[in-house]
Amino acid sequence: MKQVIVLFFMVLLFTQCSTIRVFDTDTATDALPAAYKTYGFYEFTAAGDTSSATFQLRSEILKNAIKAEMNVRGYQFVPTRPDLLINIGILVKRQIQTRQTNWQNDGQFTYMGQRNYTWKSEEVEVGRYKEGTLTLHIVETARNKMIWQGSMSGVVPDKPDTKTNTAGKAMKKLFEKYPFRAGVGV
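Here's the deal with the overall build of the protein chain
Turning to step 1, where the next piece is worked out: The helix and strand inventory of the protein chain stands at four helices and eight strands.
Turning to step 2, where the next piece is worked out: When the helices and strands of the protein chain are placed in sequence order, the string is α-β-β-α-β-β-α-β-β-β-β-α.
Turning to step 3, where the next piece is worked out: Relative to its full complement of 186 residues, the protein chain shows a buried share of 30%.
Turning to step 4, where the next piece is worked out: Of the contacts made within the protein chain by residues no fewer than 6 positions apart, 76% connect residues no fewer than 24 positions apart.
Turning to step 5, where the next piece is worked out: Carbon and sulfur atoms form 54% of the exposed surface of the protein chain, whose accessible area is close to 12,900 Å².

This is the structure in C-alpha cells:
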C-alpha cells in the first residue's frame, strides 16, 4: 500500500512539473472543418536581436513539430494555395533565477568593529534561462478568417537535440486543444 501511495505522488509530481503550459485557446463558431484538407505557413520572419544565426534552424524545428501534429489530424502540407494558413508568433525573454539567502544556509556574520556584528538576507542569482510564449493562429484562406488560435508558454532549451524533443512535446500539448480533423465536419 505504501508503494502505491509513493508511486501516485511520483506520477503527480512529474505531471505537474511540466515546463509547458497551454493558457489560451479559442475556436471560431463559424468554422467549416469539412472544407479543410491542406495547410501551409505564413512567411516566418524575425527582426532586431531575435534574428540570430540559428533562427532558420529553430524555425524549421518548430515548423516540423507543427507539421507532425497537423499530419496526425489528416491534413496535407502544400506550399501554395492551402485551405489553411498557420501564423506563428513567438516572444522570448531572458530571465534570471534567484533565491533569497537565509540564516541556516548562508548565515555568516560580518564584523564591522566595536563588537558590531550584522547579517542581512540578500537575493542571489542562481541561473539564467529563456522563457518563451508561442501563439498559433490557424486561418481559413478562402475567407481570410481565423478559425482557431492557441497560446502556450514554457522554458526554451539551449541544446539543439533538446529543442526538437521539447518542440514536439509542446505542439502535442497545444494541439490537444485543436478540435478539427481534415475533411471532417463538426
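Still to come is the rest of the account.
What to know about the sheet that holds strand β7 (residues 123-140)
As a general point, the strands of a sheet are linked pairwise by backbone hydrogen bonds and lie either parallel or antiparallel.
Turning to step 1, where the next piece is worked out: One open sheet accounts for six strands, arranged β1-β8-β7-β4-β2-β3; its pairing is mixed. The open sheet is flanked by β1 (21-27) and β3 (76-77), the only strands paired with a single partner.
Turning to step 2, where the next piece is worked out: Summarising the sheet, strand β2 (residues 38-41) and β3 pair through two bridges and their orientation is parallel. Directly across from Tyr-39, in β3, lies its bridge partner Phe-77.
Turning to step 3, where the next piece is worked out: Against the sheet, helix α2 (residues 55-72) contacts β2, β3, β4 (84-100) and β7, and its axis sits at roughly 120 degrees relative to β4.

Describing α2
Turning to step 1, where the next piece is worked out: Between the first and last C-alpha of α2 there are 26 Å, a value that for 18 residues agrees with the 26 Å anticipated at 1.5 Å per step.
Turning to step 2, where the next piece is worked out: Turning to α2, its buried residues number three or more, namely Phe-55, Ser-59, Ile-61, Leu-62, Lys-63, Ala-65, Ile-66, Glu-69 and Met-70.
Turning to step 3, where the next piece is worked out: One or two positions beyond α2, positive phi appears at Gly-74, with a value near 90 degrees.

Considering the nonpolar core
Turning to step 1, where the next piece is worked out: Core analysis: the largest hydrophobic core is formed by 30 residues, its most contacted members being Ile-66, Leu-136 and Met-171.
Turning to step 2, where the next piece is worked out: Among the elements of the structure, β2, α2, β4, β7, β8 (145-156) and α4 (160-175) are those that each provide at least two residues to this core.
Turning to step 3, where the next piece is worked out: Counting residues per element, this core draws most heavily on α2, which supplies six residues.
Turning to step 4, where the next piece is worked out: Aside from chain neighbours lying at most four places away, what touches Leu-136 is Ile-66, Ile-86, Asn-87, Ile-88, Trp-148, Gln-149, Gly-150, Met-171, Leu-174 and Phe-175.

Notes on the environment of Glu-125
Turning to step 1, where the next piece is worked out: Here Glu-125 lies in strand β7.
Turning to step 2, where the next piece is worked out: Along the backbone, Glu-125 and Arg-99 are 26 residues apart, and their C-alpha atoms lie at a distance of 6.6 Å.
Turning to step 3, where the next piece is worked out: In contact with Glu-125, other than residues within four places in its own chain, are Ile-96, Gln-97 and Thr-98.

Observations concerning the packing of aromatic side chains
Turning to step 1, where the next piece is worked out: Inspection of the entire model under this criterion finds eight aromatic pairs.
Turning to step 2, where the next piece is worked out: Here the aromatic rings of Phe-41 and Phe-77 are separated by 6.0 Å at their centres, their planes lie at 40 degrees, and the arrangement is tilted. Of this pair, Phe-41 sits in strand β2 while Phe-77 sits in strand β3, and the two are 36 residues apart along the sequence.
Turning to step 3, where the next piece is worked out: Taking relative accessible area as the criterion, Phe-41 reaches 15% and is therefore assigned buried.
Turning to step 4, where the next piece is worked out: For Phe-77, a relative accessible area of 32% corresponds to the partly exposed category.
Turning to step 5, where the next piece is worked out: Centroid distance Trp-148 to Tyr-178: 5.2 Å. Interplanar angle 90 degrees. Geometry classified as edge-to-face. Of this pair, Trp-148 sits in strand β8 while Tyr-178 sits in the segment after α4, placing them 30 residues apart in sequence. The same class applies to Trp-148 as to Tyr-178, namely buried.
Turning to step 6, where the next piece is worked out: Through a chain of ring-to-ring contacts, three or more aromatic side chains come together here, namely Tyr-75, Trp-148, Phe-175, Tyr-178 and Phe-180.
Turning to step 7, where the next piece is worked out: Sitting over the face of the ring of Phe-77, Lys-67 holds its NZ or CZ atom 4.2 Å from the ring centroid.

So, how was this worked out
Residues numbered from 1 in each chain as written. Predicted model: local features only at pLDDT ≥ 70, side-chain atom pairs only at ≥ 80, totals over all residues. Heavy atoms only, no water. Helix = DSSP H or I, 4+ residues; strand = E, 2+ residues; numbered from the N terminus. Buried < 20%, exposed > 50% of the residue type's maximum accessible area, 1.4 Å probe, protein only. Contact = heavy atoms within 4.5 Å. Areas by Shrake-Rupley, 256 points an atom, 1.4 Å probe, with all protein chains shown as cover. Pairing = 2+ DSSP bridges. Axes fitted to C-alpha atoms, helices over the stretch in contact; angles between N-to-C directions. Expected span 1.5 Å × (residues − 1). Core = buried A, V, L, I, M, F, W, Y, C linked by side-chain atoms within 4.5 Å. Phe/Tyr/Trp six-rings, centres within 6.5 Å; stacked < 30°, edge-to-face > 60°. Lys NZ or Arg CZ within 6 Å of the ring centre and 35° of its normal.

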